[in-house]
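Per-entry structural report
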Amino acid sequence: FTVCPTEGELGVGEIMQCTVGFCPLGAGLIEGEITVQYDSGEKVTATALGQATEVGVSLSVSELQLPSTFIYKTCQKTFKVLNN
């Protein structure tokens, strides 16, 4: 989990909006903590939960071989990205 901004200062009656990012490295339930610390040293903590799942993305080919091409010319082949 990431939080942006990571620090700030609020006056009485002010509000700060923060954004929490979630970029899991593996599948499953991911749990973390978000802590806010006041100048007095007091801390307030909230639990952050996110569910990560595997995606069913594949390619229509396992190899894409392009034909010989003249220098400064182009060639193209088409393949599909499948979202199962």
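Here goes a summary of the coordinates provided.

Parameters and conventions
The residue count restarts for each chain, going from 1 along the sequence in the order it is written. With pLDDT at 70 or above as the cut-off, local features in this predicted model cover only qualifying residues; side-chain atom pairs require 80 or more to be listed or tallied, and sums for whole chains, interfaces and linings still use all residues. Values shown for side chains rest on all heavy atoms present in the structure; no hydrogens or waters enter the calculation. A pocket, in this scheme, is an open set of points on a 1 Å grid over the protein atoms alone with protein on both sides within 12 Å along at least 5 of 7 lines, while a cavity is a set where a 1.4 Å probe fits but cannot get out; residues line either one if an atom lies within 4 Å of a point. Grid points are joined across faces, edges and corners, and a volume is the space filled by probe spheres set on the points. Only DSSP runs of H or I covering at least 4 residues are called helices, and only runs of E covering at least 2 are called strands; the numbering of each starts at the N terminus. Think of it as three bins: nonpolar holds Ala, Val, Leu, Ile, Met, Phe, Trp, Tyr, Cys and Pro, charged holds Asp, Glu, Lys and Arg, and polar takes everything else, Gly as well. Candidate patch residues must exceed 30% relative accessible area and have no salt bridge, after which like charges are joined if within 9 Å and Val, Leu, Ile, Met, Phe, Trp or Tyr side chains if within 5 Å. Here the accessible surface of atoms and residues is derived via Shrake-Rupley with a 1.4 Å probe, and residues count as covered only by protein chains that are part of the display. The working definition used for a salt bridge is a side-chain nitrogen of Lys or Arg within 4 Å of a carboxyl oxygen of Asp or Glu. Throughout, exposure labels follow a simple rule: accessible area from a 1.4 Å probe, protein chains only, divided by the maximum for the residue type, with under 20% read as buried, over 50% as exposed, and the rest as partly exposed. Between any two strands, at least two bridges found by DSSP are needed for them to pair. Should any heavy atoms of two residues lie within 4.5 Å, those residues are counted as being in contact. Under the pairing criterion, centres of Phe, Tyr and Trp rings, with the six-membered ring standing for Trp, must be within 6.5 Å; the plane angle then separates stacked pairs below 30 degrees from edge-to-face pairs above 60, leaving the rest tilted.

1. Points about the layout of surface pockets
- Of the pockets and cavities examined, the largest pocket occupies roughly 580 Å³.
- Residue lining of the largest pocket: 16 residues in total, with Glu7, Gly8, Met16, Val36 and Gln37 positioned closest to the centre.
- It is strand 3 (residues 28-37) that contributes the most residues to the lining of the largest pocket, four residues altogether.
- Tallied by class, residues from the lining of the largest pocket come to nine nonpolar, four polar and three charged.

2. Things to note about a nonpolar patch on the surface
- Together, Val55, Val57, Leu59, Val61, Leu64, Leu66, Phe79 and Val81 line one region of the surface with nonpolar side chains, adding up to about 720 Å² of accessible area.
- Here valine 55 lies in the loop between strand 4 (43-52) and strand 5 (57-59).
- On the basis of relative accessible area, valine 55 is assigned to the exposed category, the value being 65%.

3. Details of the pairing of strand 3
- Pairing analysis gives ten bridges linking strand 3 to strand 4, with the strands arranged antiparallel. Residue pairing in the sheet places glycine 28 in a bridge with alanine 52 of strand 4.

4. What to know about the environment of leucine 49
- Within the secondary structure, leucine 49 sits in strand 4.
- Take leucine 49: its relative accessible area is 56%, and that puts it in the exposed class.
- For the pair leucine 49 and alanine 27, spaced 22 residues apart in sequence, the C-alpha to C-alpha distance is 13 Å.
- Ignoring sequence-local partners within four residues, the contact set of leucine 49 consists of Phe1, Ile30 and Glu31.

5. A word on the environment of valine 44
- You can see valine 44 is positioned in strand 4.
- In this structure valine 44 comes out as partly exposed when scored by relative accessible area, which is 38%.
- Placed ten residues apart in sequence, valine 44 and isoleucine 34 show a C-alpha to C-alpha distance of 8.4 Å.
- Beyond its immediate chain neighbours, meaning those up to four positions away, valine 44 contacts Ile34, Thr35, Val36 and Tyr38.

6. Regarding the packing of aromatic side chains
- Counted according to the given criterion, the structure contains one aromatic pair.
- Between phenylalanine 1 and phenylalanine 22, the aromatic rings sit 5.1 Å apart at their centres with planes inclined by 25 degrees, giving stacked as the arrangement. In this pair, phenylalanine 1 sits in the segment before strand 1 (2-4) while phenylalanine 22 sits in the loop between strand 2 (19-21) and strand 3, placing the two residues 21 residues apart along the sequence.

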